[in-house]
Amino acid sequence: MQDTTQSDPNQQASTTPITGGEPRYKNILVIEDEHFIGELYMRALTKAGYNVKIIIDGPSGLKEAQTNAYDIILLDLMIPNMTGMELLKKLRDPNSTPNLKSKIIITTNLEQADEAKDEIEKQADGYIVKAEVTPKQLVRFLQSLER
Amino acid sequence: MDYFQKLTKQVATFLGITQFVATALAIAGVLIAAYVYSLPLYIVALIGLAISSAVAYLSGRLASTYVTEPVLFLWKAILHVSPSSHGASAPDLDKSRVGKELVTSLALQVYQLASSETPTPQSARHTAAAEHNRTDAIMQNFPLPVFVMDKKQNIVYANTAALHYIDQPKQDVINHNMYSVLDLSFPSDHTFDAWLTDSRDNKATASESWERVRLMLGDQKTKKQFDMAAYYNKDNPENAETIITFFDKTVRYNKDDDAVSFIALAVHELRTPLTVLRGYIEVFEEELEGKLDPELEGFMHKMQSSAQQLTAFVSNILNVARVEENQLFLQLHEENWEKILRSILNDMALRAQVHDKTIEFSIQPDLPTVALDRVSIYEVVGNLIDNAIKYSDKSSQIIVKSYLRDDGMVETTVQDFGIGVPSSIIGNLFEKFYRNHRSRAQVGGTGLGLYLSKAIVNAHGGQIWVQSKEGEGSTFGFTLAPYAQLADELKTTDNKDIRRTAHGWIKNHSFYQR
C-alpha cells in the first residue's frame, strides 16, 4: 500500500493529446446510418488527423470497403439494406474481397446473443459499444491499434 | 421312483401275459394239427411257425403301443407347451393306462417348467426375439426422442421421434458419433460429457437430468431447447451404454430468450440517443472549456456525468436480464489490474466531482496480472462507486484500495463514510431490487447494481463482501483471481482466453476434443 494519489477530475480531458503525431492508419471508412453519430465521428477523427469517409447504407458501404483504400473500417451492425454481419462476412470472404488490408472495428449499440457475438469476435479486429465511448475515446482506441 | 417301479411292473405283467398267450396259441395250433387232422410233421411245424409268427407280430404291436404310451403322453404334454408348435392340444391324462401316476407327475412338471421364468434354451431365443420386436415397436412409437449410444458414443439406436426431432435421415444418425450428430450446449459446466466421464469412473449404473439444454441443428440456424434425461449402464449386454431422451421446451425457452432480445433492442434504442448526447456534450466541453463561468461549467459536467451514468445503468439492465436468463457471458483475458482500475477511476472522477465527492485511491504496485472481463469489471467498480456516491450523505471522501491478499487473491475495496447499512438488512444487500429502505426517499437507484456486481464477480471466480456500521459508512470489497491461478483451466483449452462457465453456454466438451 503506497502513495495515496488525489485523482484529478480534469485529468481525463487533459491526459491524452488527441492531435499531434500523424496516425499511421490514416484512412478511415465509417459505415454508419445515424447522421448525428456520423457527424460526431467525422469531427473527432478529422481533428485527430484522419481522412474520413462516411457511408450510410450496407451495399454501398461494401462496395467502398472493397476498393481496399482504407486502413480502418468502422462498421455498425444495424445499417440499411444489408446487415453489418453480412457485410462483415463478405469482407472476410477472400472470394468476394481478396486481400483486404483494412482492420475492421465493429461499432454498435446492439448487443448480440452469444453465438452471434462469437462469430463477430472471430471475424472482426475490435468491438465497441458506441454509447460506452465518446468520440474522443474512440480516437484513443484507434490510436492504440497502432502500437 | 415308486411310480417308475409301478410302470416297470405293469410292463412286465403285460409282456408276461402276451408271451404266455402267444406260446399257448402256438402249442394249441400244433396239437390240433397233429392229433385232430394227423397232418405230416413238417406241415405241423410250418403251422406252428405261422401261428407263432402271427401271434408274435400282434403281441409285438400291442406291447409296443402299450409300453410306449407314457412316452406318447409326455410328448403331447411337451408339444402342448412348446411355443414352436402352436395349437397342440394337451393330452387327457385321465386316459393314460400305463404308468398313469408317473406320466401325470412328469407332465405336470413339464407344464410347470414351461410357465416358469427359466425357459428351455429353444424357447428362450424365441421369447427374446418376441420381446425385442415388442420393445422396438414401443420405442418407435414412443412420443419422445430416444437415442442409444454404445461405449464409443456411437449412436446405435434412434427412434422415429428422435430422427424427426433432429430432422436427419436414419443413415446420417445410426453408427455416427453422437458428437457429430448432436451439437449440444449446456447452461453450466455440468455437461452430459462431464456426467458420463464421472459415471464411467465411479458407477455401474446412473441417471441424470438437465434443464435448458440447447441443440443446434445442421442448418446452424434452428435452435431447439429442451430438458434432457440420461441413463448409463456400464456393462449393458445389448451394447447400450447410454440412453438419452429430450423433453422439448423450445417454445417456452425461446420466449425467455425473446424477452432478452426485447431488452437488447430497447437498450439499443436508449443507447443511440445517449451516444449522440455524450458526443455533443464532449464537443461543448472541448470548445467551451475555460470560456464559461464556473457555474455553467459545473452544469456541463453534471450533464456529462449524468449521461455517463445513464449509459452505465442501461448496460446494467441488459446484463441483469442476461444473468436472469443464464446468458451473461464473460471472456476472461490476462490484464494489468492497476492500469484498468486507474482508467475506471479516471472515468468515475467526474461523476464523483459533480456530487462534490473526491475519490482517493491507493493501488499496491506490482500486483500480479488478473483474469478478467474488462467491460463487466468496469460495471462492478462503477456500481460500487455510484453506491458510495449515493450513500455518502454529507461526507465527501471515497477511498479505493487494491492490494494482494495473503491467500493470493487481488482484493479491491471501495469505502465511504456515509449513512451505512443497518445490520438487520446487510444480508440482503446483494439481492435483486434490494435497497436501503430508509434511504429510499432520498436516494435514487434500482437495486440492481449490487445484484449484478455479485453475479459478475462470482463468474470471475471471486467473492464480493460488505462491512458497514450505521452512521459511519460502508466498505464494499471484491476479489479477483490472479491469471496464473487459472493457468490450469487454460491448459484444457486451445484458446488463449478463458470462457467463463458460470453463466455462459458450455458446449458438450468432447465435441472439441475429438
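Please refer to the structure higher up on the page.
Right, let's walk through the structure included here. All of these numbers come straight from a predicted model, not from anything done at the bench.

## Section: the overall build of chain A
Turning to step 1, where the next piece is worked out: In terms of regular secondary structure, chain A is built from 6 helices and 6 strands.
Turning to step 2, where the next piece is worked out: The order of α-helices and β-strands along chain A, N terminus first, is β-α-β-α-β-α-β-α-β-α-β-α.
Turning to step 3, where the next piece is worked out: Per-residue burial over chain A gives 48% buried out of 147 residues.
Turning to step 4, where the next piece is worked out: Put simply, 63% of the contacts in chain A that link residues at least 6 apart link residues at least 24 apart.

## Here's the deal with the packing of helix H10 (residues 337-354) of chain B against helix H11 (residues 374-390) of chain B
Residues and elements named next belong to chain B.
Turning to step 1, where the next piece is worked out: At a minimum axis distance of 10 Å, the contact between H10 and H11 shows a crossing angle of 40°. Classed by the angle they form, the pair H10 and H11 counts as oblique. Regarding H10 and H11, the two cross each other, and that crossing is right-handed. Where H10 abuts H11, its residues Trp337, Ile340, Leu341, Ile344, Leu345, Asp347, Met348, Arg351 and Ala352 lie against Arg374, Ile377, Tyr378, Val381, Gly382, Ile385, Asp386 and Ile389.
Turning to step 2, where the next piece is worked out: Each residue belonging to the contact of H10 with H11 can be placed in one class, and the counts come to 12 nonpolar, 1 polar and 4 charged.

## Some thoughts on helix H4 (residues 84-92) of chain A
Turning to step 1, where the next piece is worked out: Where H4(A) is concerned, the buried positions are Gly84(A), Met85(A), Leu87(A), Leu88(A) and Leu91(A). Down the axis, H4(A) shows its buried residues gathered within 160° of arc, on one side only.

## Regarding the packing of helix H1 (residues 2-36) of chain B against helix H2 (residues 41-81) of chain B
All names here are of chain B.
Turning to step 1, where the next piece is worked out: Where H1 meets H2, the axes come as close as 9 Å, and the angle between the chain directions of the two elements is 165°. Taken together, the axis directions place H1 and H2 in an arrangement best described as roughly antiparallel. Here H1 runs over H2; the crossing is right-handed.
Turning to step 2, where the next piece is worked out: Of the residues that constitute the contact of H1 with H2, the class distribution is 19 nonpolar, 6 polar and no charged.

## Details of the environment of Asp150(B)
Residues and elements named next belong to chain B.
Turning to step 1, where the next piece is worked out: Its location among the elements puts Asp150 in the loop between strand E1 (146-149) and strand E2 (155-158).
Turning to step 2, where the next piece is worked out: Using a relative accessible area of 11% as the deciding quantity, one classes Asp150 as buried.
Turning to step 3, where the next piece is worked out: In the structure, Asp150 is positioned 89 residues away from Asn239 in sequence and 5.4 Å away in space, judged by C-alpha atoms.
Turning to step 4, where the next piece is worked out: The contacts of Asp150, once residues within four sequence positions are left out, are Val156, Asn239 and Glu241.
Turning to step 5, where the next piece is worked out: A distance of 2.9 Å separates a polar side-chain atom of Asp150 from the backbone nitrogen of Lys152.
Turning to step 6, where the next piece is worked out: From its side chain, Asp150 meets the backbone nitrogen of Asn154 in a polar contact 2.9 Å long.

## With respect to unusual backbone geometry
Residues and elements named next belong to chain B.
Turning to step 1, where the next piece is worked out: With a phi close to 55°, Asp167 is a non-glycine residue in the positive phi region.
Turning to step 2, where the next piece is worked out: Inspection of the secondary structure assignment puts Asp167 in the loop between helix H5 (160-166) and helix H6 (178-181).
Turning to step 3, where the next piece is worked out: The exposure class of Asp167 is exposed, given its relative accessible area of 61%.
Turning to step 4, where the next piece is worked out: At Asn175, a residue that is not glycine, the phi angle is positive and equals roughly 70°.
Turning to step 5, where the next piece is worked out: As for its placement among the helices and strands, Asn175 is situated in the loop between H5 and H6.
Turning to step 6, where the next piece is worked out: Classification of Asn175 as exposed rests on a relative accessible area of 62%.

## Examining the environment of Leu215(B)
Turning to step 1, where the next piece is worked out: Mapped onto the secondary structure, Leu215(B) falls in strand E4 (residues 205-216).
Turning to step 2, where the next piece is worked out: Put simply, Leu215(B) and Phe226(B) are 11 residues apart on the chain and 8.2 Å apart in space, counted from C-alpha to C-alpha.

## Regarding the packing of aromatic side chains
Residue and element names in this part refer to chain B.
Turning to step 1, where the next piece is worked out: Counted by the stated rule, this structure contains 12 aromatic pairs over all chains.
Turning to step 2, where the next piece is worked out: Relative to Phe246, the ring of Phe147 lies with its centre 5.6 Å away and its plane at 45°, an arrangement referred to as tilted. Separated by 99 residues along the polypeptide, Phe147 in strand E1 and Phe246 in strand E6 (residues 242-248) bring together distant segments of the chain. As far as the burial class goes, Phe147 and Phe246 line up, both buried.
Turning to step 3, where the next piece is worked out: Look at Trp195 and Trp210: their rings are 5.5 Å apart centre to centre, the planes differ by 85°, and that puts the pair in the edge-to-face class. Pair noted here: Trp195 is in helix H7 (residues 192-202) and Trp210 is in strand E4, with a separation of 15 residues, a long-range link.
Turning to step 4, where the next piece is worked out: Judged by relative accessible area, Trp195 falls into the buried class, the value being 5%.
Turning to step 5, where the next piece is worked out: Accessibility expressed as a relative area gives 6% for Trp210, which makes it buried.
Turning to step 6, where the next piece is worked out: A connected cluster of aromatic rings, assembled from ring pairs, spans Phe147, Tyr165, Phe226 and Phe246.

What counts as what
Residues numbered from 1 in each chain as written. Chains lettered and ligands numbered in written order. Predicted model: local features only at pLDDT ≥ 70, side-chain atom pairs only at ≥ 80, totals over all residues. Heavy atoms only, no water. Helix = DSSP H or I, 4+ residues; strand = E, 2+ residues; numbered from the N terminus. Buried < 20%, exposed > 50% of the residue type's maximum accessible area, 1.4 Å probe, protein only. Contact = heavy atoms within 4.5 Å. Axes fitted to C-alpha atoms, helices over the stretch in contact; angles between N-to-C directions. Parallel < 35°, antiparallel > 145°, perpendicular 65-115°, else oblique. Left-handed = near helix turned anticlockwise from the far one by under 90°. Nonpolar A, V, L, I, M, F, W, Y, C, P; charged D, E, K, R; others polar. Arc of directions from axis to C-beta. Polar contact = N/O pair within 3.5 Å; in protein donor to acceptor, adjacent residues only side chain to side chain. Phe/Tyr/Trp six-rings, centres within 6.5 Å; stacked < 30°, edge-to-face > 60°.

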